[in-house]
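Structural characterization, general
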Amino acid sequence: MKIAIISLGCPKNQVDADVFCHSLIKAGHTTTADPAEADAIIVNTCGFIESAKTEAIENILDACALKEKKPCLKVVVTGCLAERYRAEIRKEMPEVDAVVSIGCNAALPAILERLASPGAAPEEDFGPKTDLALGGKRVISTPAHYAYLKIAEGCNNRCHYCAIPLIRGPLRSRPLADCVAEARWLAGEGVKELVVVAQDPTAYGEDWGKNSICELLDELNAVEGLRWIRILYAYPERITDEFIAAMVRNKKVVRYLDLPIQHCNSRILKAMNRRGDREVVESAIRRLRAAMPDITLRTTLIAGFPGETEAEFEELCEFVKQTRFERLGCFAFSPEEGTVAARMEGQLPEEEKQRRADIIMDLQARISAELLEQKVGTVQTVICDGVDEDSGLYLCRSAADAPEIDGNICVASETPLYPGEFYRVKIDESDMYDLFGYVVEEDEDESAQ
């Protein structure tokens, strides 16, 4: 069969798709980027927050609509939305041919084989979450020069607003040797930038009784061929001095960290069931910046958590102004079914939650523009991701820019730049989210330092 895979949501979900895509190809199927050409469409869904659920449902309905012209088309739904709402999908979207839990992703080749049989009935395939493989052979669906390495599945943090433990289960860390072996394979395939992902990478190994993230970074740093190692998501309460030291000594680990702090007010953090208070958050930021003055810190915040007072929101605004994160995203609180926060008293109106989120994002837009303007005149080492066909500018990133998340360094060059290659670029302009510059020769580069 010719199969189109639509993978939504986070990089961790994309890695799951890479693994089952490999198994489908091994079973003799081929893939296509055009759903209209496909014999089967697999929608690998996200179900984390309301906007992600809406996007997933729209993609499922779009896939089912193609059946009008191609009645034999099979539509399969897997991922977080399928794990969480299988009965609703089956009831509300009977056109879906199979609803598959994440624990049954390995069975997708057999499921498609059964669906291809004449008169095949719709399927529901559900198994334990722990049946989802932590590793395995995969394809590389990202551009060839960077890839995600998923080091764990699930989460034990139990934040009151988060449905991930309900969907993905408790923390299961992947064996260290297996992680390193995949990193070596990725480097051998031409990957230059390795992005380490998990729901909470800083908790890696705690289910074994030993936090092993520092050991893992040491091992990954020794992998030949890798130039950048990027860690996404690091919880403030786990930013130990040992972790900071591991970042400092491992030169391939870029000075970039995503700290999903969610709020700064100690009462709100306690209501969220976060493990640290404001002092823990501020201590982590202070120690990271002291050890690595050039570090780029990204965070996410939740505005309008149940019971958040106007004074507590103002405290959050002042915290954003004072801390001056290089990157920040703020989301209006989404009451996710089955979570403690969804049942809390003091739920705020949607309009008020969104108003507060918009205020935070307006504050951050100004901060971001100011911080980027400070880079004008500097020379940055960048990796090229490709070219923007409309503008003719090459889209590059520095160590301060995570792929598919942050902005670009847009480079004008009469000489072709190549994806995956590194260049030295002098910044001559900035806007709210992007930088602009040109490639410099070594002598100009040296004079700029």
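Here is a short report on the structure shown in this document. (Residues numbered from 1 in each chain as written. Predicted model: local features only at pLDDT ≥ 70, side-chain atom pairs only at ≥ 80, totals over all residues. Heavy atoms only, no water.)

1. Concerning the overall build of the protein
Looking only at helices and strands, the protein features 14 helices and 19 strands. Expected size for 449 residues packed as a compact globule is a radius of gyration near 22 Å; at 23 Å, the protein falls within 12% of this value. Counting only C-alpha atoms and orienting by the principal axes, one finds that the protein spans roughly 70 × 60 × 45 Å. For the protein, with 449 residues in total, the buried portion stands at 54%. Long-range contacts, defined as pairs at least 24 residues apart, comprise 73% of the intrachain contacts of the protein with a sequence gap of at least 6. Element-wise, carbon and sulfur atoms account for 52% of the exposed surface of the protein, whose accessible area totals about 19,200 Å². Here the protein holds 52 positive side-chain charges and 76 negative ones, and the gap between their average locations is 5 Å. (Helix = DSSP H or I, 4+ residues; strand = E, 2+ residues; numbered from the N terminus. Rg over C-alpha atoms; globule rule 2.2 N^0.38 Å. Buried < 20%, exposed > 50% of the residue type's maximum accessible area, 1.4 Å probe, protein only. Contact = heavy atoms within 4.5 Å. Areas by Shrake-Rupley, 256 points an atom, 1.4 Å probe, with all protein chains shown as cover. Lys, Arg positive; Asp, Glu negative; His and termini not counted. Charge placed at Lys NZ, Arg CZ, Asp CG, Glu CD.)

2. Points about the nonpolar core
The nonpolar side chains of a soluble globular protein tend to be buried, and buried together. Counting residues in hydrophobic clusters, the biggest one holds 71 residues, and the most contacted among them are Ile151, Leu257 and Leu288. Per-element accounting of this core gives the leading share, six residues, to helix α7 (residues 176-188). In contact with leucine 257, not counting residues within four places along its chain, are Ile231, Ala234, Ile239, Phe243, Met247, Leu288, Ile295, Thr296, Leu297 and Arg298. (Core = buried A, V, L, I, M, F, W, Y, C linked by side-chain atoms within 4.5 Å.)

3. A few points about the sheet that holds strand β13 (residues 296-303)
Reading across the sheet, the six strands line up as β7-β10-β11-β12-β13-β14 and stay open at both edges, with parallel pairing between neighbours. Edge strands, defined here as strands with exactly one partner in the open sheet, are β7 (146-150) and β14 (327-332). Between one strand axis and the next, the sheet turns by 15° as a mean value, whatever way the strands run. Sheet topology note: the strand β10 (residues 193-197)/strand β11 (residues 228-231) ladder contains four bridges and is parallel. In the strand pairing of β11, leucine 194 is matched with isoleucine 229. Its contacts with the sheet place helix α1 (residues 11-26) against β7 and β10, and it is angled at close to 95° to β7. Seen against the sheet, helix α8 (residues 213-221) touches β7, β10, β11 and β12 (253-262) and runs at an angle of roughly 160° to β11. (Pairing = 2+ DSSP bridges. Axes fitted to C-alpha atoms, helices over the stretch in contact; angles between N-to-C directions.)

4. Details of the packing of helix α9 (residues 241-249) against helix α11 (residues 278-291)
Direction vectors running N to C along α9 and α11 enclose 30°, while the axes themselves pass 10 Å from each other. In this view, α9 runs roughly parallel relative to α11, as classed from their interaxial angle. Between α9 and α11 the crossing geometry is right-handed. Residues Asp241, Ile244, Met247 and Val248 of α9 form the contact with α11, whose participating residues are Arg287, Leu288 and Ala291. A breakdown of the residues in the contact of α9 with α11 according to their chemical character gives five nonpolar, no polar and two charged. (Parallel < 35°, antiparallel > 145°, perpendicular 65-115°, else oblique. Left-handed = near helix turned anticlockwise from the far one by under 90°. Nonpolar A, V, L, I, M, F, W, Y, C, P; charged D, E, K, R; others polar.)

5. Some thoughts on the packing of aromatic side chains
With the rule as written, the count across this model stands at five aromatic pairs. Judged by centre distance (5.2 Å) and plane angle (75°), the rings of tyrosine 204 and tryptophan 208 are edge-to-face. You can call tyrosine 204 buried: its relative accessible area is 0%. Aromatic side chains phenylalanine 319 and phenylalanine 325 sit 6.1 Å apart centroid to centroid with 55° between the ring planes, which places their arrangement in the tilted category. In this pair, the class of phenylalanine 319 matches that of phenylalanine 325, namely buried. One cation-aromatic arrangement involves arginine 230 over tyrosine 256; the distance from NZ or CZ to the ring centre is 4.7 Å. If you follow arginine 397 out to its NZ or CZ, it ends over the ring of tyrosine 146, 5.4 Å from the centre. (Phe/Tyr/Trp six-rings, centres within 6.5 Å; stacked < 30°, edge-to-face > 60°. Lys NZ or Arg CZ within 6 Å of the ring centre and 35° of its normal.)

6. Here's the deal with the sheet that holds strand β17 (residues 409-412)
Pairing within the closed barrel is mixed, and its five strands lie in the order β15-β16-β17-β19-β18. Each neighbouring strand pair of the sheet contributes to a mean axis angle of 50°, computed without reference to strand direction. When strand β15 (residues 379-387) meets strand β16 (residues 394-398), the two strands line up antiparallel, connected through five bridges. Following the sheet pairing, cysteine 384 is matched in β16 by cysteine 396.

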